[in-house]
Amino acid sequence: MSSAEHNSWLRWMGGLVLVIALSQAFPVPGQQPTTPLPPQVQPQPNPAPLYGKPLLLGEGPEWRAYPVLVDINGDGHLDLVATHRTPVEYNSLHIWLGSGQGTFNELPQTWPSPGYSGLAAGDINHDGHIDLFAGSHFNRLVTFLGDGKGQFTVSTLETPDGYVATALVDVNGDGHLDAIALGNAQPGIEIYHGDGTGKWTLAAQLMQGKVGRALAIGDINGDGKPDIVAVFEFGVAVFLQDEAGGWVRSPTDDFAIPGQFWSVALGDVNKDGHLDIVLSGGFVGSDNPHGPDVYLGDGKGNWTPSSQGLKVFPPVYQVGVAVGDVDNDGCLDIVTGGKVTGAPDVASYGLFLFTGDCRGNWTFQPNSGLPSQDLSLPQGLALGDLNHDGRLDIVAVHSGSQRTPGYVSVWLHQ
């Protein structure tokens, strides 16, 4: 392990110890195995569980960041890409080819390891094959140009610091995918223009020196240009792209949404034509109940809280969120990781479904079939139709500990 990798690993381990220590320092007195809900948010159970027993992949390593569902080999089936954090001496980048029936086969690792990374996917070089882009925690941006058969041509751009999340999108309208990377500490948000061959030129740098956590890209103000939503240590920053291709912070002098969050997703949850922001996190130690947070956007940079029915967890560390129409009623729903107990054990987490009503109201569904506990901490979530039945399946990446392994879990909609 290089000195830079060793130092980065120590910083992350220190953060994990702090999270666990805070969870232990702020227990919930008399917490029962499940948290009773206030009468106004009593759940309306699903008639039958939506999810059954999971498929587990990659058991052992500690998985981080966000899984990517994409068709790597062009066979029409979603494949799964993820990176693990430890052990650092093993190749961190894993690719499982999907069968289209909800099962997966892992590709042999013929590519170099980027270290655990924030991943993005797209056709970078216009050859009709999916490529991968990795913002490594170990001070590099790595481009994997795919051949459609599971082989990659790899190039590396060394950088001064590491990253936690990336995205691929054509920000300047030249027909080439550009890269947006969210730094772990010093880089802030970096925008790289792509030339269509896998080479990158740094075009802009925003929020330098801020600790990044999560990234989402979407057209916030409806002008046809991609905008940036980035989660930092103490709030959510929104950057709108102007007519000249520059970036304007909205609001200009503050976070759009202050607070401590770890994961972000975008979607029009109330069907008003404007993207809304869905967050997971919350400050460990707060006395208030925790749960996902939803902020409705008006397309002008204003955000209105809309989290009725979501605050059902005790005040313990939570991470991981995804948005999609899980119950096929035409309204977006929320899947999140969390805890229903105040126990500090890292293996006492669960996955939870909150169904939406297309108006910004939410109902907790305890009979979704997803377990409320006994899972390792879900670090990231992705939704996609893995078996072509027209229903959304769930992929979660889980971190582990000395006592419990990490793994990737796949939950098929029944």
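This text goes with the structure placed above it.
Residues numbered from 1 in each chain as written. Predicted model: local features only at pLDDT ≥ 70, side-chain atom pairs only at ≥ 80, totals over all residues. Heavy atoms only, no water.

## What about the overall build of the protein chain?
1) Next: When its secondary structure is counted, the protein chain shows one helix and 29 strands.
2) Next: The proportion of buried residues among the 414 residues of the protein chain is 57%.
3) Next: At a minimum sequence separation of 6, the contacts of the protein chain that also span at least 24 residues come to 50%.
4) Next: In the structure as shown, the protein chain presents an accessible area of about 16,400 Å², 53% of it carried by carbon and sulfur atoms. (Helix = DSSP H or I, 4+ residues; strand = E, 2+ residues; numbered from the N terminus. Buried < 20%, exposed > 50% of the residue type's maximum accessible area, 1.4 Å probe, protein only. Contact = heavy atoms within 4.5 Å. Areas by Shrake-Rupley, 256 points an atom, 1.4 Å probe, with all protein chains shown as cover.)

## Considerations on the pattern of salt bridges
1) Next: Counted under the stated rule, the structure contains five salt bridges.
2) Next: One salt bridge connects glutamate 62 with arginine 64, and the closest N-O pair in it is separated by 3.2 Å.
3) Next: Glutamate 62 sits in the buried class, given a relative accessible area of 7%.
4) Next: Its relative accessible area of 7% is what places arginine 64 among the buried residues.
5) Next: Of the charged contacts in the structure, one is a salt bridge between arginine 359 and aspartate 357, with a shortest N-O distance of 3.2 Å.
6) Next: We classify arginine 359 as exposed; its relative accessible area is 59%.
7) Next: Within this structure, Glu62, Arg64 and Arg85 form a network of salt bridges that share partners. (Salt bridge = Lys/Arg side-chain N within 4 Å of Asp/Glu carboxyl O.)

## A short note on the state of the cysteines
1) Next: Using the criterion set out here, one finds one disulfide in the structure.
2) Next: Two residues, cysteine 331 and cysteine 358, share a disulfide whose sulfurs are 2.0 Å apart. Here the disulfide of cysteine 331 and cysteine 358 is left-handed, its torsion about the S-S bond being about -115°. In this pair, cysteine 331 sits in the loop between strand E23 (321-324) and strand E24 (333-338) while cysteine 358 sits in the loop between strand E25 (350-356) and strand E26 (362-364), placing the two residues 27 residues apart along the sequence. Each member of the pair cysteine 331 and cysteine 358 is classed as buried. (Disulfide = S-S within 2.5 Å.)

So yeah, pure geometry; function would need other evidence.
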